[in-house]
Amino acid sequence: MRKHRIFILILLAMLLFSVSALADTEAYTNGETGYTALIEDDADLLSDEEEREVLETMIGMTEYGDCGLKTISENPKSSAKAYAEDFFYQNFQNHTGVAFLIDMENRELYLAVSDGAVHNAITDAKALTVVDNVYTMASRGDYAGTAEKVFSQCTSLMRGERIAQPMKFICNALLALIIGLVICFEVANKAATPGETTDTELITAAAVTFAAGAAAANLVNKRRTYSPISSGSSGSGGSHHSSGGGGFHSSGGGGGFHSSGGGGFHGGGGGHKF
Amino acid sequence: MIICPGCGADMKFDPEKQKLVCQYCDKELDPKDYRAPKAAEASEQQGYYTATIYTCPQCGAEILSTEETVATFCSYCGTSVILEGRASEQERPNMVIPFRIGKKDAEASYRRLVKQALFAPNDLKADSVIEKFRGIYMPYWVYSLETDEEFKVRGVTEVRNGDYIEKSTYEIKSPVKASFEGISFDASSGFADNLSDAIAPFRPKDHAVDFDPAYLSGYYADAGDLSPDVYRDDAKEVAVDNIAAQIQNQFNYSKYSVNRSDLKKAIHYNDSSKSALFPVWFMSVRNKKGDRISYAVVNGETGKAAAEIPIDFKKYLLGALLIAVPVFVLLNLFLTATPFKMLLASTVLALLSYVIADRQLNKVYAREMFLDDKGKKAAGKVPVDKKWQEAAAQARIPEKSNKTLIMVLKRMTQVGLWIVMLAVFLMLAGVVASVLDIDVSDSLAVSTIGAYILTTVIVTRKVGNWFNKKAGIQKKEPAVKAKSSYKSKYLFKQLAAVGIAALMLVMRPTDDYYYYIAAGVAFLLIVWSFYDIIRQQNLLTTRKLPHLNARGGDENA
């Protein structure tokens, strides 16, 4: 415990020296891991004191990867997701880590998680849960609290700890119950309904004889009708080729996407309107 | 009653020994060797035999016995009452299949069946209930069909030759000789079609003997009330379809554009029918309220059992909870609840529940109105409603067994189409998202899923119709659809669940709680709808108590 406190004090001392002097930007680099914590409060949602407090919370995350907080009042990108991924790539390149965006234009929160060890712990589903757990705070205007909670939950996940997911359990329980009802009904229905006898069984139970001689087809009449092949018709014997389409690649969904706007961010994440 | 020639006691037919056995001195006698009293013999020579008809004062059902003991309960309505008996001369059936399965074996067969029904009420498994099985000879019509002709059918070929189309008409001839003997359908309106169908077939070719009243000793017999015309077309359809299939195998008729239904139309035949009594172990159980009854039957020749088994809701719920546990664990591993996913899941499950409930309601409606039972309809027990009478008249077109392969191919193709179309639609959604440079959003996902389901349903139906045509199935079994006024009181829950989910997706409130509350309400409505579905299922596995409508009675009496 004592060692822990000393470690925190050293970190705080390091923080004082490494914090950037820029007005809306705070930064910290972890001397041991080399990972960085960065805050760019472009929307000016946080006071200096709040920025320092948030940065303090982000320090824990730098043990595992880079982390960034960005607030914006205008979003030139197509979505909060695209902006968050771009922000991460611009600042941390190919490192592993997370970037949390508060997009005031779209009223949206987005937590981008890059590929690598961080994404193994903070999966897309977990990122969604993290953001789900804080969006009400953002709705109330508590942006500092929102960011602090996001980064503390990310750190908890990296440490292998659990985060609260009450809705997940409630919804999954209801969903499981209904799936159970459906499966049981099919089982019960099968057992409760008398089967049906097939025609084959009826025939098998009967005394059947069958004998047929050789069949012969005799021509009765033949008619010839004039029906010219039109130039536009391909005819039944022709072949038809279609061209176009070609191969394509679709991307998206969970991990492993390539964002064109972000210039090389690989990973996933989750977002929420607030 | 058959008197033992040794000691004068009562003799009964023993299924294991296939002989009459004295209940007192164990003397055995072949029923064929039994000599009826002179008066009975005279009657038999005129084509009749003497029996006591017992009539149930509750439901009007009539059962026969050659014995003079008092019948104390009715197998059709389950009433424990002394049945009114009167002596009667009955027309002798042409043949009888004597009981080959004894009561103990019949009970064992039923126990095996009911053991598999995990959610069956305990009452149905009680010894006191199972011992109520009663051996009843059910009246049947045994149909025969034969053809001996030079079979002729017209076929056509078309060939393009330059700018001309040559159409040639052929007459295809083949000598055909075929006979079918022993396709049987029951002749009692009290014996439900679905139960009779479930324990079929009987094998008169193997075990039928000339009728002798001695075989009835120790058993009851249903008097029968249906003419051979009721199921004649069904029997002919089975035989003619089989002949057509065999003819089709002899020659390449498809080259001449001749399909199975053309062949069936071209077959000329003679048909006939004979009356018979076939052995059935019969049991009826009333529900706890005493207003409905369920039946269990066992084929007294083969031991094949069938039963209408209601579902115990408590057991069903317990089963659902037990299944829910591993499903819950799996869901937690692979699914993180988001408001959108929950709404989507509730919508899909509500629609699934709607489809199940709709199917149930149609069946229940048909059952309650006797629309699924040709025998009851023929006996005049169908409510007077022209629309539903027409539906009932077309009912029970048998599946064509020799088309099994085509039907399997049809199902496989349809399942394959669902998978392929899913891949196609996912790719299309990807292309749309890529071309328009948009994210794969909720609305895109919803519209993709909607378009996928709609398109695939249409395509698979078309493909199904094509296979049906190939198999020579002219029309599907006409589905009896319940009136919407009857259905609406049950289906509003599922529709409300879908409506709530749709409303949330349209309104798109920011706060997740609205979504979760909506999904929760939708889930509860779905659970409620499953409670209804089980109740409907229990209506389907039980029947209204017959009220003087079994013989000459009236549903409304």
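Every chain's residues receive numbers from 1 upward, in the order its sequence appears when written. Following the order in which they are written, the chains are lettered starting with A and the ligands numbered starting with 1. Local features in this predicted model are restricted to residues whose pLDDT is 70 or higher, and side-chain atom pairs enter the listing and the counts only when it is 80 or higher, whereas totals over whole chains, interfaces and linings include all residues. The basis for every side-chain value is the complete set of heavy atoms in the structure, and neither hydrogens nor water enter the calculation.

1. Some remarks on the pairing of strand S4 (residues 97–103) of chain A
Residues and elements named next belong to chain A.
Move 1: The classification of residues rests on relative accessible area computed with a 1.4 Å probe and restricted to protein chains. Under 20% of the type maximum is buried, over 50% is exposed, and intermediate values are partly exposed. Numbering of helices and strands runs from the N terminus, with a helix taken as a DSSP run of H or I at least four residues long and a strand as a DSSP run of E at least two residues long. Among the seven residues of S4, seven are classified as buried, and the element is accordingly described as predominantly covered.
Move 2: Neither face of S4 is exposed, since Gly97, Ala99, Leu101 and Asp103 on one face and Val98, Phe100 and Ile102 on the opposite face are all buried.
Move 3: A pair of strands counts as paired when DSSP detects no fewer than two bridges linking them. The sheet contact formed by strand S3 (residues 66–72) and S4 spans seven bridges and is parallel. Residue pairing for S4: cysteine 67 is matched across the bridge by valine 98.
Move 4: Throughout, right-handed denotes a crossover for which the path from the first strand over the helix to the second runs clockwise when the strands point away from the viewer. With helix H3 (residues 80–92) bridging S3 and the parallel S4, this β-α-β connection has right-handed handedness.
Move 5: Bridging between S4 and strand S5 (residues 108–114) involves six bridges; their strand directions are antiparallel. Bridging across to S5, alanine 99 finds its partner in alanine 112.

2. Here's the deal with the sheet that holds strand S4 (residues 28–29) of chain B
All names here are of chain B.
Move 1: Strand order in the open sheet formed by four strands is S1-S2-S3-S4, with antiparallel pairing between adjacent strands. The strands lining the two open edges of the sheet, one partner per strand, are strand S1 (2–3) and S4.
Move 2: Strand direction decides the pairing type here: S1 and strand S2 (residues 10–14), joined by two bridges, are antiparallel. Its bridge partner lying in S2, isoleucine 3 is registered against aspartate 10.

3. Comments concerning the interface of chain A and chain B
Move 1: The partner chain B presents 101 residues to the 72 residues of chain A that form the contact.
Move 2: Of the roughly 7,500 Å² buried between chain A and chain B on both sides combined, carbon and sulfur atoms contribute 65%.
Move 3: By the criterion of area lost to chain B, the three top residues of chain A are Leu181, Phe185 and Phe210 of chain A, representing 9% of everything that side buries.
Move 4: The term salt bridge refers to a side-chain nitrogen of Lys or Arg lying within 4 Å of a carboxyl oxygen of Asp or Glu. The tally of links between chain A and chain B comes to three salt bridges.
Move 5: Notably, a salt bridge pairs glutamate 201 of chain A with lysine 304 of chain B, separated by 3.8 Å at the nearest N-O pair.
Move 6: Here a polar contact is recorded for every N or O atom pair within 3.5 Å, except that within protein the pair must consist of a potential hydrogen donor and a potential acceptor, and residues adjacent in sequence are included only if both atoms are side-chain atoms. Joining chain A to chain B, the criterion identifies 22 residue pairs in polar contact (both at pLDDT 80 or more).
Move 7: When contributions to the side of chain A that touches chain B are tallied by element, the ones reaching two or more residues are helix H5 (124–139), helix H7 (166–192), helix H8 (199–205), strand S6 (207–212), strand S7 (216–226) and strand S8 (267–273) of chain A. Any two residues whose heavy atoms approach within 4.5 Å at even a single point are treated as in contact. The term buried area denotes the loss of accessible surface (1.4 Å probe radius) that occurs when two parts are joined, taken as the sum for both partners.

4. Considering the environment of glycine 34 of chain A
Move 1: Note that glycine 34 of chain A resides in the loop between strand S1 (25–29) and strand S2 (36–41).
Move 2: When the C-alpha atoms of glycine 34 of chain A and glutamate 63 of chain A are compared, they prove to be 8.6 Å apart, with 29 residues separating the residues in sequence.

5. Side note on the packing of aromatic side chains
Move 1: Pairing of aromatic rings covers Phe, Tyr and the six-membered ring of Trp, with a centre-to-centre limit of 6.5 Å; geometry is then stacked below 30 degrees between planes, edge-to-face above 60, and tilted otherwise. The final tally for this structure, using the stated rule, is 32 aromatic pairs over all chains.
Move 2: Grouping aromatic residues by their ring pairs yields a cluster made of Tyr76, Phe191, Phe282 and Tyr295 of chain B.
Move 3: The ring of tyrosine 164 of chain B carries arginine 224 of chain A above its face, with NZ or CZ at 4.3 Å from the centroid.
Move 4: The cationic tip of lysine 493 of chain B hangs over the ring face of tryptophan 528 of chain B; the distance from NZ or CZ to the ring centre is 4.8 Å. Think of it as a cone above the ring: NZ of Lys or CZ of Arg counts as a charge over the ring if it is within 6 Å of the ring centre and within 35 degrees of the ring normal.

6. Looking at the pattern of salt bridges
Move 1: Applying the stated criterion across every chain, the model contains 28 salt bridges over all chains.
Move 2: The closest approach of N and O atoms between glutamate 40 of chain A and lysine 70 of chain A, which form a salt bridge, is 2.6 Å. Here glutamate 40 of chain A is found in strand S2, whereas its partner lysine 70 of chain A is found in strand S3, with 30 residues between them in sequence. Like glutamate 40 of chain A, the residue lysine 70 of chain A is buried in the burial classification.
Move 3: Notably, a salt bridge pairs lysine 81 of chain A with glutamate 85 of chain A, separated by 3.5 Å at the nearest N-O pair. Residue lysine 81 of chain A and its partner glutamate 85 of chain A are both found in helix H3; the two are separated by four residues, about one turn of the helix.
Move 4: Under the relative-accessibility criterion, glutamate 85 of chain A is labelled buried at 2%.
Move 5: Each member of the salt-bridge network shares a partner with another, and the members are Glu237, Asp241, Arg260 and Lys264 of chain B.

7. Overview of a nonpolar patch on the surface
Residue and element names in this part refer to chain B.
Move 1: Residues enter patches when their relative accessible area tops 30% and they take part in no salt bridge; the joining distance is 9 Å for like charges and 5 Å for the nonpolar side chains Val, Leu, Ile, Met, Phe, Trp and Tyr. Reported accessibility uses the Shrake-Rupley method at a 1.4 Å probe radius. Residues are deemed covered only where the shown protein chains occlude them. On the surface, Val415, Trp418, Ile419, Ile449, Ile453 and Val457 cluster together into a nonpolar patch covering about 480 Å² of accessible area.
Move 2: Secondary structure elements with two or more residues in the nonpolar patch: helix H12 (404–435) and helix H13 (442–470).
Move 3: Mapped onto the elements of the fold, isoleucine 453 is located in helix H13.

8. With respect to the sheet that holds S8 of chain A
All names here are of chain A.
Move 1: A sheet is described by the order of its strands in space; here six strands give the open sequence S1-S2-S3-S4-S5-S8, paired in mixed fashion. Taken across any chain shown, the strands that pair with only one partner, and hence form the sheet edges, are S1 and S8. Each strand of the sheet is rotated relative to its neighbour by a mean of 10 degrees, with strand direction disregarded.
Move 2: Taken together, the seven bridges between S5 and S8 define a ladder with antiparallel strand orientation. Across the sheet, the residue bridging to serine 114 is glycine 267, located in S8. The axes are straight lines fitted to the C-alpha atoms, using for helices just the contacting stretch, and the angles between their N-to-C directions are given from 0 to 180°.

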